[in-house]
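# Architecture at a glance
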Amino acid sequence: MEINASTLKQVELFSALPDPERESLASHFELQEFKKGDYLFRQGEDRHALFFIQEGEIDLVDETLGMEKIYVTSGPGTVLGEPILIEEGKHALGGRARSEGKYGKLEAVTIQKIKTSDPHLFGEMVLSLSKVLARRLAYANRGNRGISADFRTGETRKEHDLIGDREVPHNVLWGIQTLRAMENFSISGVRLDHFPEFIESLADIKAACAVANHGLGNLDTERKEAIIKACDELSRGMWHSHFMVDMIQGGAGTSTNMNANEVITNRALMILGKERGDYKSIHPNNHVNMSQSTNDVYPSSIKVTLLRMMARLLSEVQNLSASFAAKAEEFKEIIKMGRTQLQDAVPMTLGQEFQAWSLMIRDGGERIELARKPLSELNMGGTAIGTGINTHPEFSRMVIEELSSRTGLSLSSSEDLVLGTQDTSGFVELAGVLKMLAVRLSKICNDLRLLSSGPRCGLHEINLPGVQPGSSIMPGKVNPVIPEVVNQVAFQVIALDNAVALASEGGQLELNVFEPVIAYDLFTSIEMLTNAMSTLRKRCIDGITANPEVCRKMVENSIGIVTALNPHLGYEKTSALAKEALESGRSLGELVLEKGYMTREKLDEVLSPANMIRPSLK
């Protein structure tokens, strides 16, 4: 199948070209095949062509600093490397094939030939690119740009809703209800696209509903396929910048649901070769939202998102636990002083200390795992309040099965959809165990800061990696900035747990309208904890070194080892020995021998640090 003008019309970059120019441009593309793992271009290499994906998928990959991150997966109809039309430069990301496929290629040489032989066509392409880049810039500059930035093209389309008519920017995929939500809810500055998993979950739910509605005979094949293709693109990371609504919103999530409905509708219209806003062909409510309500879509999408985000969180839990365990093995022979209430206690090994932290983190992950079950139970098909009004009796089952297949998650229907629509206790449970993990992480980071304090006037038993200068005034100072930032993440997660509890308690009758803040707080907690644990592991734990001589010297000079004498001499004698050693500055061993309480051989055996780190009494 060759690239033709009708195919290019669906592409944002070429959609505005006049038909004759599109026909001419299509003839210049060279069609090539790619296999999974092939690179169309590599990060940092000179741009040498413009690529148009005909079949298959391409991951845009960042491989700097030895860490790979996939930013977006581009599918059929996507153009890559388009800046080559206006400037030479290097690829900021790599383009790697996720699957087999085909792509059209405009080599730099070909582009120069077009520029020379058909300057009108080249000029139209550059003009189109400038408009596309201007729109992307408007979307990217999110801080203080204001809604008006989206109207800069000057082109609008009229849309209608219950409140009346409004002009909507023609170039956007969202519609009138998203516009009203943007005007009403300028609250947190955090838009839906801050959490890509949320958009992907909404898209998967909408696709599953389209499959179910088609299977039940309520949605025709053409609309179903266009809707599913639009949802697939969203699931690959495309069009996320069109999810403009603030995460904190009134209306129990209706604005989020309608933002998704409108984006999917308008992208599906483009796929069918129709104009955005042609809701007679595909309607956001009648077709994309068919057999659904915000009240089942929104909480279900939150749960699916949480399950997705928890997978990465739990992976980081395992990695961090393993990192502590590796240090425990490395430090297993290093004797140090244990402390209670910041006072000398009894000896232990540094390995035992790190092993305890490893188990604390691992156990925290196991408890988070238990919180997954209530999140896998969805109220899809319950519609408004859980009664299932406006749905087919088989709709709920079919949606859950399709959604499970699309996401790879083991999902099920709530035991009672009325209960599932109003009950948010699963969110409260998750917030609680996230708080538990945060508390454990913060306690460990407190310990790391104490044990590394100094280096001359503190404990200095361990060394944390120096990752940045510590002071603008004190030369040579290096601070424990990584544990400090993890402490702050923990403080935030602890606070958000309280907000989730209040929002859940605030629900009334058949619906909890405060789920937007619950979603925002849980997504934020998981994202921050995941990033914090990854940072703690890579930038701190893996690089910790020990100071064995400092540790041993503290043990030998400690009064705390008197505890080992207690079973042999009794509490009264050992208390007196400890007091005299403190007052005189003499060692315990010297006093025991002087008073004839033990022989040298027995004393050395009892006070051997290695014998005091495990049970030894017979």
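Before reading further, recall that the structure is shown in the block above.
Residues numbered from 1 in each chain as written. Predicted model: local features only at pLDDT ≥ 70, side-chain atom pairs only at ≥ 80, totals over all residues. Heavy atoms only, no water.

## Details of empty space enclosed by the protein
Under the defined criterion, the tally for this structure stands at one cavity of 30 Å³ or more. Roughly 30 Å³ of internal volume is contained in the largest cavity. Ala431, Leu434, Val493, Leu496, Asp497, Val500, Asp521, Leu522 and Ser525 together form the lining of the largest cavity. Put simply, the parts of the chain that give the lining of the largest cavity at least two residues each are helix H15 (425-451), helix H16 (481-505) and helix H17 (515-539). (1 Å grid on protein atoms, 1.4 Å probe; cavity = no way out; pocket = protein on both sides within 12 Å on 5 of 7 lines; lining within 4 Å. Points joined across faces, edges and corners; volume = space filled by probe spheres on them. Helix = DSSP H or I, 4+ residues; strand = E, 2+ residues; numbered from the N terminus.)

## Comments concerning unusual backbone geometry
Here the amide bond leading from Gly454 into Pro455 is cis, since omega sits at 5°, within 30 degrees of zero. For Pro455, the location among the structural elements is in the loop between H15 and strand E15 (462-463). For Leu509, which is not glycine, the phi torsion reads 55° and is therefore positive. Inspection of the secondary structure puts Leu509 in the loop between H16 and H17. You can call Leu509 exposed: its relative accessible area is 71%. (Buried < 20%, exposed > 50% of the residue type's maximum accessible area, 1.4 Å probe, protein only.)

## Observations regarding the packing of H15 against H17
It is at 11 Å that the axes of H15 and H17 come closest, and there the two elements cross at 30°. In this view, H15 runs roughly parallel relative to H17, as classed from their interaxial angle. When the axes of H15 and H17 are compared, the crossing they make is left-handed. Where H15 abuts H17, its residues Phe427, Leu430, Ala431, Leu434, Leu437, Ala438, Leu441, Cys445 and Leu448 lie against Glu515, Ile518, Leu522, Ser525, Ile526, Leu529, Met533 and Leu536. The class makeup of the residues in the contact of H15 with H17 is 15 nonpolar, one polar and one charged. (Axes fitted to C-alpha atoms, helices over the stretch in contact; angles between N-to-C directions. Parallel < 35°, antiparallel > 145°, perpendicular 65-115°, else oblique. Left-handed = near helix turned anticlockwise from the far one by under 90°. Contact = heavy atoms within 4.5 Å. Nonpolar A, V, L, I, M, F, W, Y, C, P; charged D, E, K, R; others polar.)

## A short note on the sheet that holds strand E2 (residues 39-41)
One open sheet holds the four strands; their spatial order is E2-E7-E4-E5, and the pairing between them is antiparallel. Looking at the sheet topology across the chains shown, the edges are occupied by E2 and strand E5 (69-74). Strand after strand, the sheet turns through a mean of 30° between neighbouring axes, direction not considered. Direction of pairing for strand E4 (residues 58-62) relative to E5: antiparallel, over a ladder of five bridges. Bridging across to E5, Ile58 finds its partner in Ser74. (Pairing = 2+ DSSP bridges.)

None of this, on its own, says anything about what the molecule does.
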